[in-house]
Amino acid sequence: MQYKWNALAIVSIGSLMASIDSTVVIIAFPQIARDLSASLVDMVWVIMAYIVMGTALVLSLGRVSDMKGRKALYNAGFVVFVVGSGLSGLAQSGLELVAARALQGVGGAMLVANSFAIVSDAFPPNERGRALGMNSVVWGTGSVLGVVLGGAILSVASWRWIFWINLPIGVVATLLAFAVLRESVTPDPKETFDLPAAVLFTAGLTAILLGITEGILNGWGSGPALAPLLAALPLLAGFALWEAKVSRDPILPFSLFRSWLFSASLIASVLQGVALFATNFLLMIYFQGLRGVSVTSAAYLLVPLSIGLAVVGPIGGRLSDRYGARVLSTVGLLLQAMAFLLFSTIRASTPIYTVAGYEALLGVGGGLFFPANTSAIMGGVPPARYGVAAGVMMTLRNSSMALSFVIGLVALTSQLPAGTAAVLFGGSFTPTTIASLGQTPAGLDAVFVRGMDTAFRIAAVFVLAAAVFSVLRGREVRRGETVLVRHPSVRPPSTYPSGSTTVGARDSTATTEAR
């Protein structure tokens, strides 16, 4: 009984560290660029290096954890993450910081690939929604807290401390993980790691993210953007063919997608991620560019979003255990769609408390959606595939993060006059610089608002599409007796009592007889 809560606490620390560091750099962007004399290309890659490594490796690492053990890989992730954080704080150039952030991303991928799997192993099915709800809240609030924490640190210390603050937390968490976590996987010497598939997938996904980054920097018709995007097609096609026709132990068993519960929940997660992740970026630019508030104040103005998510998330997890994922997830998505439509109406004169209310509504919707949908994804696969399922989920969520950033940036800047975007994102959007560009504040405000409205309306469309898949996923089998059959790679967990939550997935490792 006590172990499951200890495991959840340790996993939550790792999840919080990984999610915070995906966004904490955004608010320190101008300070880091000035201090390191870094170019815009360097600074974009300071952000993208972490996302690329955390996205491209997590699926392969999920497969490794299913084969070799979750505890060992998770603990190693803490060590790598702490080392990467220390090196990031010591960086003396933009290139050094990019390399350190890439190492940090590797550690983050090792944590991400195991966090949901460890929680799913530790909790019985009838409590999994509540546990995953708490962990999902950590992930959801961490991206917001990254901006808030970065603002707080920058108000009293150097930007280097946004990385160094990870060191004491990471060391303590590493020691606790070694002492507390139990291994649930028994290695099977007959299973092999599919290295060619891992290389093809990692190269293909990296090429996509590289093309997206270069498209932002150099334009979507440029060679540096088109070349990697075109190269990604044969790489990912080759991966799919290899996995389906050649591989004996695929890193991505396509049989997982035979579960409509798993597939529909995963699609809903991706569509919601495309809508959501650009919100912090858009609101930060709105607060600083149109409202003229300081960087620190802008960060604090994002707090209502994390409060709504943190308060409702655990409640949403409990409700999903009782009523299932479909109703809770769909209601949460509809609330978020409403919030995005309300965001599309804000102007420079909109009261701050009104914007805060819209943020809180968005957080409440996320608190209902995240735990229920995550529980459905993890419950849609057998325990032997928890690592791969978590890897697939986080790979697509991280990819949707990059796509969300692109869509938000393109929608926001498509109507801005030449030269304005660089000034706006560089933090020097002042009357003097506006005049130097031959523009007027009122004119730029109007253009900016139109772009922001478009971005939020697009987000609403994606969330509504996610709600459709949430409804179509069908109803889970909520009560029944689960009989678990031994799997060579997974120790059988304790038998759960009759009446525990089960799911609509069937596999050779688990069968469900519904009452």
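Residues numbered from 1 in each chain as written. Predicted model: local features only at pLDDT ≥ 70, side-chain atom pairs only at ≥ 80, totals over all residues. Heavy atoms only, no water.

1. Side note on the overall build of the chain
Here is step 1 of the chain: Assigned secondary structure in the chain consists of 22 helices and 2 strands.
Here is step 2 of the chain: Evaluated residue by residue, the chain yields a buried proportion of 58% over its 515 residues.
Here is step 3 of the chain: Partitioning the intrachain contacts of the chain with sequence separation of at least 6 by distance along the chain shows that 82% fall at a separation of at least 24.
Here is step 4 of the chain: Accessible surface for the chain amounts to roughly 19600 Å². Of this, 69% is attributable to carbon and sulfur atoms. (Helix = DSSP H or I, 4+ residues; strand = E, 2+ residues; numbered from the N terminus. Buried < 20%, exposed > 50% of the residue type's maximum accessible area, 1.4 Å probe, protein only. Contact = heavy atoms within 4.5 Å. Areas by Shrake-Rupley, 256 points an atom, 1.4 Å probe, with all protein chains shown as cover.)

2. Some thoughts on the packing of helix α6 (residues 70-90) against helix α7 (residues 94-122)
Here is step 1 of the chain: One way to put it is that α6 packs onto α7 with a least axis distance of 7 Å and a crossing angle of 155 degrees. Between α6 and α7, the crossing angle belongs to the class labelled roughly antiparallel. Handedness of the crossing formed by α6 with α7: left-handed.
Here is step 2 of the chain: Of the residues belonging to the contact of α6 with α7, the class tally is 17 nonpolar, 9 polar and 4 charged. (Axes fitted to C-alpha atoms, helices over the stretch in contact; angles between N-to-C directions. Parallel < 35°, antiparallel > 145°, perpendicular 65-115°, else oblique. Left-handed = near helix turned anticlockwise from the far one by under 90°. Nonpolar A, V, L, I, M, F, W, Y, C, P; charged D, E, K, R; others polar.)

3. Description of the packing of aromatic side chains
Here is step 1 of the chain: Under the defined criterion, the tally for this structure stands at 11 aromatic pairs.
Here is step 2 of the chain: An aromatic cluster is defined as three or more aromatic residues linked by ring pairs; in this entry it consists of F340, F343, Y358 and F456.
Here is step 3 of the chain: Seen from the ring of Y3, R182 lies directly overhead, with NZ or CZ sitting 4.1 Å from the centre. (Phe/Tyr/Trp six-rings, centres within 6.5 Å; stacked < 30°, edge-to-face > 60°. Lys NZ or Arg CZ within 6 Å of the ring centre and 35° of its normal.)

4. Observations regarding the pattern of salt bridges
Here is step 1 of the chain: This model, assessed by the stated rule, comprises 3 salt bridges.
Here is step 2 of the chain: A salt bridge links D121 to R70; its shortest N-O distance comes to 2.6 Å. On the criterion of sequence distance, the pair formed by D121 in helix α7 and R70 in helix α6 is long-range, its members being 51 residues apart. Like R70, D121 is buried.
Here is step 3 of the chain: Among the ionic pairs, R347 bridges to D453, the shortest N-O distance being 3.1 Å. (Salt bridge = Lys/Arg side-chain N within 4 Å of Asp/Glu carboxyl O.)

5. With respect to unusual backbone geometry
Here is step 1 of the chain: Phi at S37 takes a positive value of approximately 50 degrees, unusual for a residue other than glycine.
Here is step 2 of the chain: Position of S37 relative to the elements: it lies in the loop between α3 (29-36) and α4 (40-56).
Here is step 3 of the chain: Overall, the relative accessible area of 66% leaves S37 in the exposed class.

6. Some words on the environment of F257
Here is step 1 of the chain: Along the chain, F257 turns up in the loop between α12 (223-246) and α13 (260-276).
Here is step 2 of the chain: Spatially, the C-alpha atoms of F257 and G380 are 9.3 Å apart, while their sequence positions differ by 123 residues.

7. Here we look at the nonpolar core
Here is step 1 of the chain: Counting 74 residues, the largest nonpolar core has I32, L97, W159, Y286, F340 and F343 as the members making the most contacts within it.
Here is step 2 of the chain: Considering each element in turn, this core owes the most residues, 10 residues, to helix α22 (residues 441-472).
Here is step 3 of the chain: Core analysis: the second largest hydrophobic core is formed by 52 residues, A122, A131, L256 and V388 among them. (Core = buried A, V, L, I, M, F, W, Y, C linked by side-chain atoms within 4.5 Å.)

8. Quick notes on a nonpolar patch on the surface
Here is step 1 of the chain: Together, V79, V83, L87, L90, L103 and F178 line one region of the surface with nonpolar side chains, adding up to about 510 Å² of accessible area.
Here is step 2 of the chain: At 4 residues, the largest contribution of residues to the nonpolar patch is made by α6. (Patch = residues over 30% accessible without salt bridge, like charges linked within 9 Å, V, L, I, M, F, W, Y side chains within 5 Å.)

9. A closer look at α3
Here is step 1 of the chain: Looking only at α3, the buried set comprises F29, P30, I32, A33 and L36. Axial view of α3: buried residues confined to an arc of 165 degrees, hence all on one face.
Here is step 2 of the chain: Positioned one or two residues after α3, S37 has a phi angle of 50 degrees, which is positive. (Arc of directions from axis to C-beta.)

10. Remarks on the confidence of the model for the chain
Here is step 1 of the chain: On average, the chain scores 80 in pLDDT, and the residues at 70 or more come to 84%.
Here is step 2 of the chain: When the elements of the chain are averaged for pLDDT, strand β2 (residues 510-514) gives the smallest value, 35, and helix α17 (residues 325-343) the largest, 94.
Here is step 3 of the chain: A low-confidence stretch, residues 478-515 stays under pLDDT 50, and its non-local contacts, those more than four residues away or across chains, total 84 contacts. (pLDDT = per-residue confidence, 0-100.)

11. A look at the environment of S306
Here is step 1 of the chain: Note that S306 resides in helix α16 (residues 303-323).
Here is step 2 of the chain: There is a polar contact of 2.8 Å between the side chain of S306 and the backbone oxygen of V303. (Polar contact = N/O pair within 3.5 Å; in protein donor to acceptor, adjacent residues only side chain to side chain.)

12. Re helix α18 (residues 352-379)
Here is step 1 of the chain: Compared with the 40 Å implied by 1.5 Å per residue over 28 residues, the 40 Å span of α18 between its first and last C-alpha is a close match.
Here is step 2 of the chain: Of all 28 residues in α18, 22 are buried; the element is thus mostly enclosed. (Expected span 1.5 Å × (residues − 1).)

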